[in-house]
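Structure assessment
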Protein chains: 2
Amino acid sequence: MKFIVQRQQLISSVQNVMKAISSKTAVPILTGMKIDATAQGITLTGSDSDISIESFIPSEEDGMVNVEQIEPGSIVVQARYFPDIVRKLPDNTVEIKADENFNMTIQSGKATFNLNGQDASEYPQLPVLQTDNNLEIQSDLLKNLIKQTVFAVSTMETRPILTGVNIKIENGKLLFTATDSHRLALRSIPLEDVTLNLPSIVVPGKSLNELNKILDDKGEKVEVSVTNNQIMFRTKHLNFLSRILDGNYPETSRLIPDQSQTELHAKTKELIDTIDRASLLAREERNNVVKLTTQHNQILQITSNSPEVGQVAEEITAESFEGEDVKISFSSKYMLDALKAIDSDEIVIKFTGAMRPFIIRPIDDDSILQLILPVRTY
Amino acid sequence: MKFIVQRQQLISSVQNVMKAISSKTAVPILTGMKIDATAQGITLTGSDSDISIESFIPSEEDGMVNVEQIEPGSIVVQARYFPDIVRKLPDNTVEIKADENFNMTIQSGKATFNLNGQDASEYPQLPVLQTDNNLEIQSDLLKNLIKQTVFAVSTMETRPILTGVNIKIENGKLLFTATDSHRLALRSIPLEDVTLNLPSIVVPGKSLNELNKILDDKGEKVEVSVTNNQIMFRTKHLNFLSRILDGNYPETSRLIPDQSQTELHAKTKELIDTIDRASLLAREERNNVVKLTTQHNQILQITSNSPEVGQVAEEITAESFEGEDVKISFSSKYMLDALKAIDSDEIVIKFTGAMRPFIIRPIDDDSILQLILPVRTY
């Protein structure tokens, strides 16, 4: 194997693939990164069994030459050193060679690295996804779907299915749902092709977080396909493969109240800042509870009390207020997560009583819903 | 106690004082920050016994009012919460009050914090330094003296005296010296007032690191005074007090070779980058050794070998070369620390043999000296 590659291309490809590589894996060869050279270009592969990422550098693209002097072949390089080496090489191009004894040479400017590689034929084969269930989505939209839901997945392994985000198609809409049973985040987008079908699946939150880091927000096209136990996100130069969680996702729609006793509108930023301040004294306590008390004159009082440290109280004025007064306590962390996920200057909150879940939505937009269960303090 | 203070002034004062406050201290009240209000202004104090910092906000300065409506008094506030509260308050001004029961109220905009404070009379008194040994130095120069030496102090408590920087006056020069017995860093500056005297003292590296963070580099005047067991650095609004280490600092001048067998000049940046690359494969090994081999045609070969991982080799061309060829191994970390501390585009290295210490200086500048002991590998 031999090729000369543009260093900047190699750096960004290596960075993407590294997101799938863990130094703690049961399969030793997976601590390495596979490099495949063909006449078409270079493919880098990383995998931790749960996530696999392939990044492709085409030898030519848009009239630019990225890879030259290719002699086809493969090698697995130790991923612990390779990214730093590539990043710190002195020249704009890098020559990479491997011989039949898996000795690898990396040359750039006057610097030469000789690394012990491994046999690429020992690297596990990634499954090839063949399916008709192909969905196309813009990368910026997909990133929003992820960011507005994934924070609400459970971090506890007691109910593994809740550590993932439920992805499904319903009534011509694509739905992302996440819940840790104390809060729920839901985001939908209308599909252009309403005939599309996709099974209801659950993708690990960790996979979606890594995918979100790799995708650019320039609106690149992402092709999504699903088989029994894998989901694939494919862009022009990237294959991102994740396992799907086993089991049925709980029916969450019945959790969402369809009526409310109180409805108020508030400025998102003002509410975030106020709750952030109220949470300062309660930081080390697990639930980090703040209390919201409304008064019929649109005044919302946010308070928190931490006996050893002190109290904090602040008032803000709602933009509008309808219904009964509310006295409710909730986790400030859940509330801040939810408010930050709502990409809107003004929000609606609907309460149905001090012990019932309440929902938060952007004003005039039904595509995002955040639900939070209150905390019993009275 | 009561006052209204400009929030930005309070934020920067609190940030400075926090550098002396540790949550792990044997004296519980030292986990707090003392606030003193007088007609002249507000003084904040923090201390961890080793370092004490006082920051003063004058009520008026340059025609600007910083503090208003002052009712004199003192309180100790829990330092764990105070900085975040001050930073996140909504308004440009902050009202702080304390009553006789040590209840403290912080008010800004519509936010009100009530905190449990402590009795300021229980806070230890800082020593008042009275001395004639006053030295004046520009803050940017003092920061350089610290940065170019302090990294070389020992981190091992086996010889406590080496965890500090030796500060002394010799032949009309102010000298900073640090060594961990494997390397040595020395920086001197000429004194304007040659009659000045100062005892030879050793200041903990940690204290100087914190001082470096607090001092601005705008060339503010710093007054340095020393008593038996304390050193004080005083600027217009800041008193920085550190304990001095007990014991005699070793005589280091005899370590510095006064002759050399080999002298070479090299570009600092090029040498840093090359050694940085050579050190990539040896990261986890404690000494992180690289080898420098010179050839009489001014070629310097930098190599490193890590049997399990691989090898790296790179050549650079010296700007000039005189004397015998050298084959020498050294810690890449020590070499990089030394080279980065030398603020010059080109450096001189003088060798006196493979097992003798070598020295690095900026070209045409005797005020900085970096010395490194080689590592035996042959």
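Residues numbered from 1 in each chain as written. Chains lettered and ligands numbered in written order. Predicted model: local features only at pLDDT ≥ 70, side-chain atom pairs only at ≥ 80, totals over all residues. Heavy atoms only, no water.

**Brief notes about the overall build of chain A**
Formally: Numbering of helices and strands runs from the N terminus, with a helix taken as a DSSP run of H or I at least four residues long and a strand as a DSSP run of E at least two residues long. Throughout, exposure labels follow a simple rule: accessible area from a 1.4 Å probe, protein chains only, divided by the maximum for the residue type, with under 20% read as buried, over 50% as exposed, and the rest as partly exposed. By definition in these notes, contact holds between two residues if any of their heavy atoms fall within 4.5 Å. Just so you know, the count uses Lys and Arg for positive and Asp and Glu for negative, and it drops His and the chain ends. Note on charges: their place is set at NZ of Lys, CZ of Arg, CG of Asp or CD of Glu.
Within chain A, the regular secondary structure consists of 6 helices and 28 strands. Based on the C-alpha atoms only, the size of chain A along its principal axes is roughly 80 × 50 × 40 Å. Expressed as a percentage of the 378 residues in chain A, the buried residues total 55%. Long-range pairs, those at least 24 residues apart, make up 65% of the contacts in chain A between residues at least 6 apart in sequence. Computing the positive centroid from 38 side-chain charges and the negative centroid from 52, chain A places the two 5 Å apart.

**Quick word on the domain arrangement of chain A**
Note the threshold: Residue ranges assigned to each domain were obtained from an automatic or database domain assignment.
On domain assignment, one finds that chain A holds domain 1 (2–122), domain 2 (134–243) and domain 3 (256–372). A separation of 49 Å is found between the C-alpha centroids of domain 1 of chain A and domain 3 of chain A.

**Describing helix α1 (residues 7–18) of chain B**
Here is the rule: A helix's residues, less one, multiplied by 1.5 Å, set its expected span.
Here α1 of chain B contains 12 residues, and its C-alpha end-to-end distance of 16 Å stays within 8% of the 16 Å for a straight helix at 1.5 Å per residue. Among the residues making up α1 of chain B, those that are buried are R7, L10, I11, S13, V14, N16 and V17 of chain B.

**Here's the deal with the relation of the copies chain A and chain B**
Our working definition: Superposing copies: least-squares fit, C-alpha atoms only, residues required to have pLDDT of at least 70 in both.
Of the transformation superimposing chain A on chain B, the axial component is 0.0 Å and the angular component is 180°, with the fit at an RMSD of 0.0 Å. On this basis, the relationship between the two copies can be described by a two-fold rotation axis. By residue overlap, the copies meet face to face through one surface: 100% of the interface positions of chain A are interface positions in chain B.

**A closer look at the interface of chain A and chain B**
This is how it is decided: The term buried area refers to how much accessible surface (probe radius 1.4 Å) is lost by two components on association, counted for both of them together. What counts as a salt bridge is simple: a side-chain nitrogen of Lys or Arg found within 4 Å of a carboxyl oxygen of Asp or Glu. Here a polar contact is taken to be a pair of N or O atoms separated by no more than 3.5 Å, where protein atoms must pair a possible hydrogen donor with a possible acceptor and residues adjacent in sequence count only if both atoms sit in side chains. Residue polarity follows a fixed list, in which Ala, Val, Leu, Ile, Met, Phe, Trp, Tyr, Cys and Pro are nonpolar, Asp, Glu, Lys and Arg are charged, and the others, Gly among them, are polar. For two strands to count as paired, DSSP must find a minimum of two bridges between them.
Facing 31 residues of chain A, the contacting portion of chain B comprises 31 residues. Together, the buried faces of chain A and chain B total about 2900 Å²; carbon and sulfur atoms form 48% of this surface. Seen at the junction of chain A and chain B, the total is 2 salt bridges. Residue K88 of chain A is joined to D276 of chain B by a salt bridge in which the shortest nitrogen-to-oxygen separation is 2.9 Å. Summed over the shared surface of chain A and chain B, the number is 14 residue pairs in polar contact (both at pLDDT 80 or more). For the side of chain A that touches chain B, the secondary-structure elements that each account for two or more residues are α2 (82–88), β11 (111–116), α5 (268–278) and β23 (310–317) of chain A. It is β23 of chain A that contributes the most residues to the side of chain A that touches chain B, 7 residues altogether. A per-class count over the side of chain A that touches chain B returns 13 nonpolar, 7 polar and 11 charged. With 5 bridges joining them, β11 of chain A and strand β23 (residues 310–317) of chain B adopt antiparallel strand pairing. Its bridge partner being in β23 of chain B, F113 of chain A is matched across the sheet by V312 of chain B.

**Looking at the side chain of T179 of chain A**
Residues and elements named next belong to chain A. As for its position among the elements, T179 is in strand β14 (residues 173–179). Among the polar contacts made by the side chain of T179, one reaches the main-chain amide nitrogen of S181 at a distance of 3.0 Å. Discounting chain neighbours no more than four positions away, the residues touching T179 are A152, V153, S154, L162, L184, Y249 and T252.

**As for the packing of helix α3 (residues 139–147) of chain A against helix α4 (residues 205–214) of chain A**
The description of two packed helices rests on the angle between their axes and on the distance between the axes. Residue and element names in this part refer to chain A. For the record, the criterion: Interaxial angle, 0 to 180 degrees, is taken between N-to-C directions of lines fitted to C-alpha atoms, where a helix line uses only the stretch in contact. In this scheme the handedness of a crossing depends on how the near helix is turned from the far one: anticlockwise by less than a right angle means left-handed, clockwise means right-handed.
With their axes 10 Å apart at the nearest point, α3 and α4 run at an angle of 140° to one another. Viewed along their axes, α3 and α4 form a crossing whose handedness is left-handed. In this structure, α3 uses L142, K143, I146 and K147 to contact α4, whose residues at the interface are L208, L211 and N212. In terms of residue class, the contact of α3 with α4 is built from 4 nonpolar, 1 polar and 2 charged.

**Brief notes about the packing of aromatic side chains**
Residue and element names in this part refer to chain A. For the record, the criterion: When the centres of two rings from Phe, Tyr and Trp lie within 6.5 Å, Trp using its six-membered ring, the rings pair. Their planes under 30 degrees apart give stacked, over 60 give edge-to-face, and anything left gives tilted.
On inspection of all chains with the given rule, the structure shows 6 aromatic pairs over all chains. Centroid distance F233 to F240: 6.2 Å. Interplanar angle 65°. Geometry classified as edge-to-face. Since its relative accessible area comes to 1%, F240 is described here as buried. Of the aromatic side chains, those joined through ring pairs into one cluster are F330, F351 and F358.

**Structural notes on the sheet that holds strand β26 (residues 346–351) of chain B**
Residue and element names in this part refer to chain B. Sheet architecture is open: 9 strands sit in the order β16-β13-β14-β15-β28-β27-β26-β20-β24, paired in antiparallel fashion. In this open sheet, the two strands that pair with only one neighbour each are β16 (201–204) and β24 (320–323). Strand-to-strand twist across the sheet, computed as the mean angle between neighbouring axes with direction ignored, equals 20°. One ladder, built from 7 bridges, connects strand β14 (residues 173–179) with strand β15 (residues 183–190); its direction is antiparallel. From the neighbouring strand, L175 faces β15, where its bridge partner is S188. Packing against the sheet, helix α3 (residues 139–147) makes contact with β14 and β15, and its axis sits at approximately 160° to β15.

**Notes on the sheet that holds strand β19 (residues 238–243) of chain B**
All names here are of chain B. In space, the 8 strands of this open sheet follow the order β8-β2-β3-β4-β19-β18-β17-β12, with antiparallel pairing throughout. Both edges of this open sheet fall to β8 (73–78) and β12 (134–138), since each of them pairs with a single strand only. Here the strands of the sheet are splayed against their neighbours by 20° on average, with no regard to which way each runs. Where strand β3 (residues 41–47) lies against strand β4 (residues 51–58), 7 bridges are found, and the strand directions are antiparallel. Within β4, the residue paired with G46 across the bridge is I53. On the sheet, α3 packs against β12, β17 (221–226) and β18 (230–234) and is oriented at approximately 95° with respect to β12. Packed on one face of the sheet, helix α4 (residues 205–214) meets β4, β18 and β19 and runs near 170° to β19.

**What to know about the environment of G63 of chain B**
With respect to the helices and strands, the residue G63 of chain B is situated in the loop between β5 (60–61) and β6 (64–65). Spatially, the C-alpha atom of G63 of chain B lies 57 Å from that of F330 of chain B, the residues being 267 residues apart in sequence.

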